[in-house]
Amino acid sequence: MIIYIHGFGGSGEGSKAKAFREYFKTTQDSFIAPSLSYVPDLAIKTLEELIESYNEEVTLIGSSLGGFYTIYLAKKYGLKAVLLNPSIYPYKTLNNYLGDAPNFYDNSSFKWNENHIEMLKSYIQESVDESKFMLLVQKGDELLNFQEAVDKFVNATVIAQEGGSHGFDGIEKHFDMIREFLKK
């Protein structure tokens, strides 16, 4: 089972989730992209329950804040994982969204507060088995500093592309490589 973990304000119906869903249908791999709560503890609890419910090997793909969650979960459960423009320090970067934060699925908003920031801090992982990670970053990410992820995952499989954006332009070009990494 491959679980895709979306980013802050995202959903399992975002463009990357949909693209991965369509790709994994063609390869006949089990795949799910759940729409998670914006409350970090609730999102993690949902993901833990999903991981623990499968009787097959689980691997993770995490984007942005979903990448931060992926790091925590991959370490906790010893899983292979792919990170797409991951947020390494969301408890710092998401301070910019205190108050009304955007929900990108329906253009509504939700209240993001200091309690949520504190929850994120409980999922910090100082070290991980980098051999279980593939990191894909685009240097043109307008929201996060790609170098923070590269510095944290120096011994992982790292793909750092010039240009691009936070949404990871052209992710489809990497689907086969991502699948190969998760399956080996």
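Everything below is about the structure shown above.
The following refers to the structure shown. Please read these numbers as outputs of a predicted model, since none were measured by experiment.

What follows deals with the sheet that holds strand β7 (residues 133-138). Taken in spatial order, the six strands make up an open sheet running β2-β1-β3-β4-β7-β8, and their pairing is parallel. Looking along the sheet, the strands with just one partner apiece sit at the ends: β2 (31-32) and β8 (157-161). Where helix α3 (residues 65-77) meets the sheet, it contacts β1 (2-5), β3 (59-63), β4 (81-84) and β7, and its direction lies at approximately 150 degrees from that of β3.

If charged atoms from side chains of opposite charge come close, those side chains can pair. Counted according to the given criterion, the structure contains nine salt bridges. Its salt-bridge partner being E22, residue K25 comes within 3.5 Å of it at the nearest N-O pair. Of the two residues, K25 and E22 are both situated in helix α1 (residues 15-27); the distance of three residues between them amounts to about one turn of the helix. For E22, a relative accessible area of 45% gives the class partly exposed. A salt bridge links E48 to K76; the shortest N-O distance between them is 2.8 Å. With E48 in helix α2 (residues 40-53) and K76 in helix α3, this residue pair connects regions lying 28 residues apart in the sequence.

Another point: the pairing of strand β5 (residues 99-102). When β5 meets strand β6 (residues 109-112), the two strands line up antiparallel, connected through four bridges. In the strand pairing of β6, P102 is matched with S109. What sits between the antiparallel neighbours β5 and β6 is a turn of six residues, in which N107 has the positive phi angle 60 degrees.

Further remarks concern the pairing of β1. Every second residue of β1 is oriented toward a common face, with I2 and Y4 on one face and I3 and I5 on the other, all of them buried. With two bridges connecting them, β1 and β2 associate as parallel partners. Paired with I3 across the two strands is I32, which belongs to β2. The β-α-β motif built from β1, the intervening α1 and the parallel element β2 has right-handed crossover chirality. Alignment of β1 against β3, held across four bridges, turns out to be parallel. Looking at the pairing, I5 lines up with G62 of β3.

Within soluble globular proteins, side chains that are nonpolar generally end up buried alongside one another. Ranked by size, the top nonpolar core spans 39 residues in total, and within it I3, L60, Y69, F133 and F153 carry the most contacts. Mapped onto this core, the elements with two or more residues apiece are β1, α2, α3, β4, β6, α5 (114-121), β7 and α6 (146-152). Sorting elements by how many residues they give to this core places α3 first, with seven residues. In this view, I3 contacts I32, P34, L47, L50, I51, Y54, V58, T59, L60 and I61; residues no more than four positions away in its chain are not counted. Residues I2, A19, F181 and L182 belong to the second largest nonpolar core, which totals 20 residues.

This part covers α5. Residue pairs spaced three or four apart in an α-helix point in one direction, given the helix's 3.6 residues per turn. Of all the residues in α5, the buried ones are H116, I117 and L120. In an axial view of α5, the angular spread of the buried residues amounts to 100 degrees, which keeps them on one side of the axis. Taken together, the buried residues of α5 touch α2, α3, α4 (90-93) and β6.

Definitions and cut-offs
Sequence positions are assigned chain by chain, starting from 1 and proceeding in written order. Reporting in this predicted model follows two pLDDT cut-offs: at least 70 for local features of residues, and 80 or more for side-chain atom pairs to be given and counted; totals over whole chains, interfaces and linings ignore these cut-offs and use all residues. The side-chain figures draw on all heavy atoms in the structure; neither hydrogens nor water molecules are used. Strand pairing follows a simple DSSP-based rule, namely that at least 2 bridges must link the two strands. In this text, helices come from DSSP runs of H or I with a minimum length of four residues, and strands from runs of E with a minimum of two, each type numbered from the N-terminal end. The contact criterion used is simple: two residues touch if any of their non-hydrogen atoms lie within 4.5 Å. Note on definitions: angles span 0 to 180 degrees between N-to-C directions of axes, and those axes are lines fitted to C-alpha atoms, for helices only across the stretch in contact. A side-chain nitrogen of Lys or Arg and a carboxyl oxygen of Asp or Glu constitute a salt bridge if their distance falls within 4 Å. For the exposure calls, accessible area comes from a 1.4 Å probe over protein chains only, and a residue counts as buried if that area is under 20% of its type's maximum, exposed if over 50%, partly exposed in between. Orient the strands so they point away from the viewer, and a crossover whose first-strand-to-second-strand path over the helix runs clockwise is right-handed. Throughout, nonpolar core names a set of buried Ala, Val, Leu, Ile, Met, Phe, Trp, Tyr and Cys residues whose side chains join them through atoms within 4.5 Å. Each direction from the helix axis to a C-beta atom contributes to the arc, which is the arc of those directions.

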